[in-house]
Structures are given as C-alpha cells and as structure tokens.
2 protein chains.
Amino acid sequence: MLAVGLMSGTSLDGVDAALVEITGVNESTRVKQLKFASYPFSLAIKAKIQAALSVETSDVEAICSLNFELGRLFGEAVIKVCQEYGIDSETLGFVASHGQTIYHLPRPKETTRVPSTLQIGESAVISELTKTTVVSDFRPRDMAVGGQGAPIVPYSEYILYRSENCTRILQNIGGIGNATVIPQHGQLDQLTAFDTGPGNMVIDELCRHFYPGEEFDRDGAHGAAGHVDPELLATLLEHPYFAKPFPKTTGREDFGREYVARLLTTYRELNLAPEDWIATATALTAKSIAQAIDQFAIGETELIVGGGGSYNPTLVRMIAQELPQVKVMIQEDLGYSSDAKEAIAMTILGNQTLHQQSSNVPSATGASKPVILGKVTYY
Amino acid sequence: MLAVGLMSGTSLDGVDAALVEITGVNESTRVKQLKFASYPFSLAIKAKIQAALSVETSDVEAICSLNFELGRLFGEAVIKVCQEYGIDSETLGFVASHGQTIYHLPRPKETTRVPSTLQIGESAVISELTKTTVVSDFRPRDMAVGGQGAPIVPYSEYILYRSENCTRILQNIGGIGNATVIPQHGQLDQLTAFDTGPGNMVIDELCRHFYPGEEFDRDGAHGAAGHVDPELLATLLEHPYFAKPFPKTTGREDFGREYVARLLTTYRELNLAPEDWIATATALTAKSIAQAIDQFAIGETELIVGGGGSYNPTLVRMIAQELPQVKVMIQEDLGYSSDAKEAIAMTILGNQTLHQQSSNVPSATGASKPVILGKVTYY
C-alpha cells in the first residue's frame, strides 16, 4: 500500500513528506521510499508557529486557527509529493502526520500542571484535502502510560535496522545527539535509547559567533582546518551530563547559546583560533558520542550516523577514530536518505495504528507498557 | 454493545456521562439509556477552563496541560457512571467524547485567522483510564468541508426522533433556543436546523436582576404570577434577528446581559412589576419559538421540547397556546432525560465513526457534503 509520512520538526524549517510503499505489520513490515521532498514554511507561518509555542506570546485563538492552517499546509505537502511522483493522493492507503510540536511538558515543575504534550496540524483538514485516512498525534498515548512521549522513532528504527548479524546503533546528530541501540537478535523490549549530548549545537553556535552568516560548519571545513585543544576538550568532557546514568535526555538548556557564551568567556585566555574552537567542539561531540556508544558496542557492531551531522565528514571521521572496533556508516550507505528518516518513521507508526498494533518502545520512553499510538481520522 | 457518551458544555458545569446500549448503524441504529450522571467540575478546574478559553488569559502551556487534565476527568467520569451501573469500563465497546470547547471560530473576522474550532480533553488519557477505544473530536471534520462544526446533534436527533407518521420538531431551550425540523418520511438531507432566538437567557437575566441569588425562574413561578405586557412584547419581537432568513444562529451577543440591561433602561417608564417583566420575557421566548416553528409545522406535527426550558411549565404552556395545531411534548414524555440528550447523541456519532459512516448534517451545518466525523483512539 502507498502512504505518505509527514514530519515537521522543532527547527521550524518546514514539512518533510516521504511517499513510501509499505507492506506487512510488526516484524514483517517492509518499507520502500519512492519519493521524498521538503517544503519550507513561509516566514509568516514560521512567525505564527514561533508565537504559538511561547507561553508569553501564545493564545487560544491563535492556536485554534494555526491548527487548521497547518493542517492545510500538511495536506498540500502530501498532494505535492504525490504529484512529483505522478500519482493522485487519493490512491494512498493512508497519511501519517507527526504534527508540529508547540509544547512538550514531560516533567512539569509547577504542581498545577500535568505531564503533557501538544502537536497541531488538524488531521481532519489533511484528510479532506488528500481524500485519505489520516493517522496523527502519536505522542500523547505514550504519555498516558507514563512515558515521556519521546523518542518516537525507535520502533521504526527497530523495524528498519535490526539485524541478526550484528548490534546496530542508530546515531542521530541534530542539535542534540541521540542514539538507539538495537542488540544483535534483539527483541523490541531490549532497545535502549538516550541522548549522547550535544550534536551540532555547539559547533553551529561557534560558527555563528565567529563567522556571521554561517549557520553551520559546511562539510566540516572549519573543524578540519583547526587543531583540537586536548586540555580544553578534557575539561568540556567533565560536563555532568556525560556522567549521568542511562537512559537520559538533554537539550538546548544544557548545550545551547548560553553554554557556548559561557565557554567563550571562561576560556578567553587560551586565545584559540576560531578553527581550533570549532575543531575542539567537533571533538567534544565525537568523543561524547563514542564514550556513550562504546558501552553498547558488544560483539560485531555497526554505527549508522544520520541527521545533519552525518553530512559533516570531520565529525564522522572523529567518531570513527574513537571507535576502531565499530563499523561506522552514514544513512546513505544503507540506501536511506537521512533527511527522510523521520517522515518514513511516521508511515511505520501509522501502519501499526491502522493494524491496531503498538509502536511505542517502553524501554526508550519510560512508558509502563506498549500501546497503540495515534488517532485515526477516516476519510 | 455498551458505550458511554461524554458531553461537557459551554456552561462549564461539569461533564455529563450517559451509559447506553447501542446496536446497528445509520437508520437501523437503536439506543437505550442505561444510566446517566453529571459530575460537576471543581472550582479549580472551572477556573483553568475559563482562563484557557479567553484570548487574554490563555497560553500554550496551560492549554497543553489542561488537555491532559480534562482527559483524566473525562476518563474518571466514564469509570464512575459504569460503577454506578455495576459494570467495568473495559466491558464498553467504546467511549465517545465531545470534549470541552475552548474556542470556536467558524467565521473569523481577521484575515490572519482561518475557520477553526478547538475541543480539548485528551482521548489517549481517556482510553488508558477506561481501557476502551475512544472516539473524539467530532467538529473539525465538518469544518474541513466548509461547515460551521455546529450544530452537532441533528444526526442523532434524526436517528432518535424521525417518524413516518408526523413532522417532528426538536426544540432545545438552553440559553438560546434552537430547533431541528425532521419532516414526515424525511431523509437526512431534508433536515433543517436553526436558532429560534433567546431561550432562557432573557428570563434568567431578569431573575438575577430582580431576585438576587435566583439564577432562573424555578418552575416558571414568576412568569406564571405576572402579566404579559402586549405592547412591550410586540416591540421586543421587532428585534432584527427574528426577521432574518433561515438557517440562522444567534448567541449571547444578541440576547445576553447587555441586551437585558438596555431593555430595563429603555422601558423603565413602563413601571412593570418584576413578575410582569418575567412573564413578558417568557412570552418573548415562547412567541419567537412559535413563529419560527409555525412555518415548518406542515401536516401532523409534534414539537418535542428539551433543555432547561422544558422544566419551565409556564414557558411550555405559552408555546403550546401559540401552536394549537401542534402536539407539544417534553423529552420526558418520550422516555428520554432532557439532560442526557447530548451525551447520548455522542454515542450515536461515535458509533457512526467506528462503522466509518458519516454523521454530520450538511443542511444544518452548511457543510458541502456528509463526512465521517471524529478521531479514533484504539485501546
């Protein structure tokens, strides 16, 4: 059956749409990517989303309206990716939509709040535009059984990457680095998932600081041109996050703009060149990933790197050097587009839902049991 | 199959839960009420809802959290109504939940907004608590085909009340009066629904004004004790709403507190006694209902009055006097509890959804076509 998966991430870049052919269910699921496209958000929509996700600038009318407006954009993305492949969206078996997260509150500090999460992009609108059944809103059901509603992709990673021949570790490098470990011959309940620490976040922030207009270290060029400062690297690796027990999660609050600003002030006297700062930050990401992965690389192990960081060869090379016993690859080596991975993951989750099968991974989210994720809007 | 319908209305009183036995689908649907209960909201929850539905006091975190918190309350209501009947909620075939409307924007004035509606009360939480499949969020799908997402109950009224022997008109009298006309031998697409004008709103407001602490005219006692002022009544019936063509809707903005305050000032010199004011307001509601109904009372016609106004015998008597050719009854005469009607309606909508059948009424909502309403959260 044909299906389109939609992913709209926290970067607010736009919506990713993956057209796939999907068959089977549970362990027998097979997915083949037919077409992938990213449709960027307009500045106006980006501004509306940014206003909706902040406590200070959000209100109920704006959220109510934006839910329907995003539903339309998501539906149009489905129609476009189908057109680009030369089919009508009504021939799809289903659409699976992640939605735009506008709030995620797994562990509220205030006693007046309860653990909760909120994704928008009205499925009823997607369904009408595409003339197709829509599965949406995957995270709340995991949270209703005590999970954090995240990570949401490990089930699809298990389906796509599990191996009888080796341990496979999926290392995604976005702003934050996160890993999913699938042991050889492993069952779903043996999956482990955790954040390794910073992904591109520190590198990107240093690029913006030293090279105004450069949002990231393209092709790892600055990192490759610099020298790693071993003492600074050792100090940075003393960050308390790296010593925390698994499973663990981190975010912008630990390794974001404030963290980098503090580093630049504290280590000003080292007088490092910009390239050396970036090389050292790249080594920090690489080494923190390698230290975490090392504990799970039992027997023959493949590390499959995805996300924006997989396009930074300096970073990938440093990770490989730290893990000589591990075969390090990037998603493209296995025939998947790294960009498309999460949108494809949604089709696997949606397929499970329509078969009334579970697709959360309790060992990854902390949920008390497997549950059927998502809501079905029948066309 | 057993099912529970949940309704949580704009009055913010609490959540109504109706346990029913439901069989069949479409025209063959049969529903029997087994148990009905209302569970009032705590003051704390009421305050949170009130904050969430106002543009000024709402924010994304509060809405995100309240969605899950209400899901819990709704789930607990299901468990309680089942306990009161002596069964476990897991024996239910499904739960159908309307949700709490926190915003409804069918015709936005600002160009930056799109037609939209927002109901909360997370179905994933209801599903986990009740161990049952949940159907929820019925209004957005109608809006996605150009409908106003309201009224939502005409389909269930058609199922429960259509007759081969007569025209049946359902007159609900809440704050506003609204009618659904089901012609004899009528098909679904021949239904008409509209607001007749004020329901209890003007009467209630006058009671609060003249008798502090009295929220409504209990048993129609004040209205019965007073005399209708025919000239004032004639003037009030010149309100432009009554001359508008069908279908039409009105609200608090036309007949609410400001309207009543204006009347009391404008007609101060009449020196009417409080009972006469209330009698005249009761006649206004009765006459505006009768004038609207009269146009649809073709052949043998039954008018079935429900809502809070059906418990005001002065009002019901005045309506009957204005419509001598019509048989006027209240819901209880047909064996239904007027309070339970909307919660029962949800089970009929949910049943349609699970059978992948439509349940909006385009002639009532303005939708371009019948669609399958709601979202299914499988347990």
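The name that an unreviewed UniProt entry assigns to chain A is Anhydro-N-acetylmuramic acid kinase, with the source organism given as Lapidilactobacillus concavus DSM 17758. According to UniProt, the comment filed for chain A under the heading Catalytic activity (unreviewed entry) is "1,6-anhydro-N-acetyl-beta-muramate + ATP + H2O = N-acetyl-D-muramate 6-phosphate + ADP + H(+)".

(A) Summary view of the UniProt feature "binding site: ATP" (unreviewed entry) in chain A. Residue and element names in this part refer to chain A. Per the UniProt record, the feature "binding site: ATP" (unreviewed entry) sits at Gly 9, Thr 10, Ser 11, Leu 12, Asp 13, Gly 14, Val 15 and Asp 16. Secondary-structure assignment places Thr 10 in the loop between β1 (2–8) and β2 (14–23). As for its placement among the helices and strands, Asp 13 is situated in the loop between β1 and β2. Other than its neighbours up to four places away in sequence, Asp 13 contacts Pro 40 and Phe 41.

(B) Here's a closer look at the relation of the copies chain B and chain A. Between chain B and chain A, which share one sequence, the superposing operator has a rotation angle of 180° and an axial displacement of 0.1 Å; the RMSD is 0.2 Å. Here the two chains are linked by the operation of a two-fold rotation axis. Mapped onto chain A, 100% of the interface residues of chain B again fall at the interface, so both copies present the same surface.

(C) Spatial organisation of the environment of B:Gln50. All names here are of chain B. Relative to the helices and strands, Gln 50 resides in helix α1 (residues 43–52). Accessibility expressed as a relative area gives 45% for Gln 50, which makes it partly exposed. For the pair Gln 50 and Ile 102, spaced 52 residues apart in the sequence, the C-alpha separation amounts to 8.4 Å.

(D) Broad picture of the interface of chain B and chain A. Chain B puts 49 residues into the contact, and the matching count from chain A is 49 residues. Broken down residue by residue, the surface that chain B buries against chain A is led by B:Val60, B:Glu61 and B:Tyr378, which jointly contribute 18%. In this structure, the connection of chain B to chain A is made through eight salt bridges. Put simply, B:Glu128 and A:Arg141 hold a salt bridge, and the shortest N to O gap is 2.8 Å. Summed over the shared surface of chain B and chain A, the result is 21 residue pairs in polar contact (both at pLDDT 80 or more). Element by element, the count of residues in the side of chain B that touches chain A is highest for helix α2 (residues 60–85) of chain B, at eight residues.

(E) Quick peek at the domain arrangement of chain A. Residue and element names in this part refer to chain A. Taken domain by domain, chain A consists of domain 1 (2–151 + 346–377) and domain 2 (154–334). Put simply, the middle of domain 1 and the middle of domain 2, counted by C-alpha atoms, are 26 Å apart. Of the residues lining the interface, 14 residues belong to domain 1; the matching set on domain 2 comes to 11 residues. Between domain 1 and domain 2, a total of about 1,100 Å² is buried, with carbon and sulfur atoms accounting for 64% of that surface. Secondary-structure elements contributing two or more residues to the side of domain 1 that touches domain 2 are α13 (341–354) and α14 (362–365). The element that contributes the greatest number of residues to the side of domain 1 that touches domain 2 is α13, accounting for three residues. A per-class count over the side of domain 1 that touches domain 2 returns six nonpolar, seven polar and one charged.

(F) Seen up close, the packing of helix α5 (residues 154–161) of chain A against α13(A). All names here are of chain A. Where α5 contacts α13, the two axes come as close as 9 Å, and the packing angle between them is 95°. The angle between α5 and α13 falls in the class roughly perpendicular. Of the residues in α13, those touching α5 at Tyr 155, Ser 156, Glu 157, Ile 159, Leu 160 and Tyr 161 are Lys 341, Ile 344, Ala 345, Ile 348, Leu 349 and Gln 352. For the contact of α5 with α13, the class distribution of residues is eight nonpolar, two polar and two charged.

(G) Quick peek at the nonpolar core. Judged by nonpolar contacts, the single largest core of 65 residues is most densely connected at A:Val4, A:Leu6, B:Val4, B:Leu6 and B:Leu92. Beyond its immediate stretch of four places on either side in the chain, B:Leu6 contacts B:Val15, B:Asp16, B:Ala17, B:Phe74, B:Ala77, B:Val78, B:Val95, B:Ala96, B:Ser97, B:His98, B:Ala343 and B:Met346. By size, the runner-up hydrophobic cluster in this structure holds 44 residues, among which are B:Leu206, B:Leu232, B:Tyr259 and B:Val326.

(H) The arrangement of the pattern of salt bridges in detail. Throughout the structure, instances matching the rule amount to 26 salt bridges over all chains. Across the salt bridge formed by B:Glu61 and A:Arg113, the nearest N and O atoms sit 2.8 Å from each other. Here B:Glu61, found in helix α2, pairs with A:Arg113, found in the loop between β4 (94–105) and β5 (116–120), and the two come from separate chains. Accessibility expressed as a relative area gives 13% for B:Glu61, which makes it buried. Among the residues examined, A:Arg113 registers a relative accessible area of 19% and is labelled buried.

Calculation criteria
- Residues numbered from 1 in each chain as written.
- Chains lettered and ligands numbered in written order.
- Predicted model: local features only at pLDDT ≥ 70, side-chain atom pairs only at ≥ 80, totals over all residues.
- Heavy atoms only, no water.
- UniProt positions renumbered as here; feature names shortened; annotations may be inferred.
- Helix = DSSP H or I, 4+ residues; strand = E, 2+ residues; numbered from the N terminus.
- Contact = heavy atoms within 4.5 Å.
- Least-squares fit on C-alpha atoms with pLDDT ≥ 70 in both.
- Buried < 20%, exposed > 50% of the residue type's maximum accessible area, 1.4 Å probe, protein only.
- Buried area = accessible area lost by both parts, 1.4 Å probe.
- Salt bridge = Lys/Arg side-chain N within 4 Å of Asp/Glu carboxyl O.
- Polar contact = N/O pair within 3.5 Å; in protein donor to acceptor, adjacent residues only side chain to side chain.
- Domains from an automatic or database assignment.
- Nonpolar A, V, L, I, M, F, W, Y, C, P; charged D, E, K, R; others polar.
- Axes fitted to C-alpha atoms, helices over the stretch in contact; angles between N-to-C directions.
- Parallel < 35°, antiparallel > 145°, perpendicular 65-115°, else oblique.
- Core = buried A, V, L, I, M, F, W, Y, C linked by side-chain atoms within 4.5 Å.

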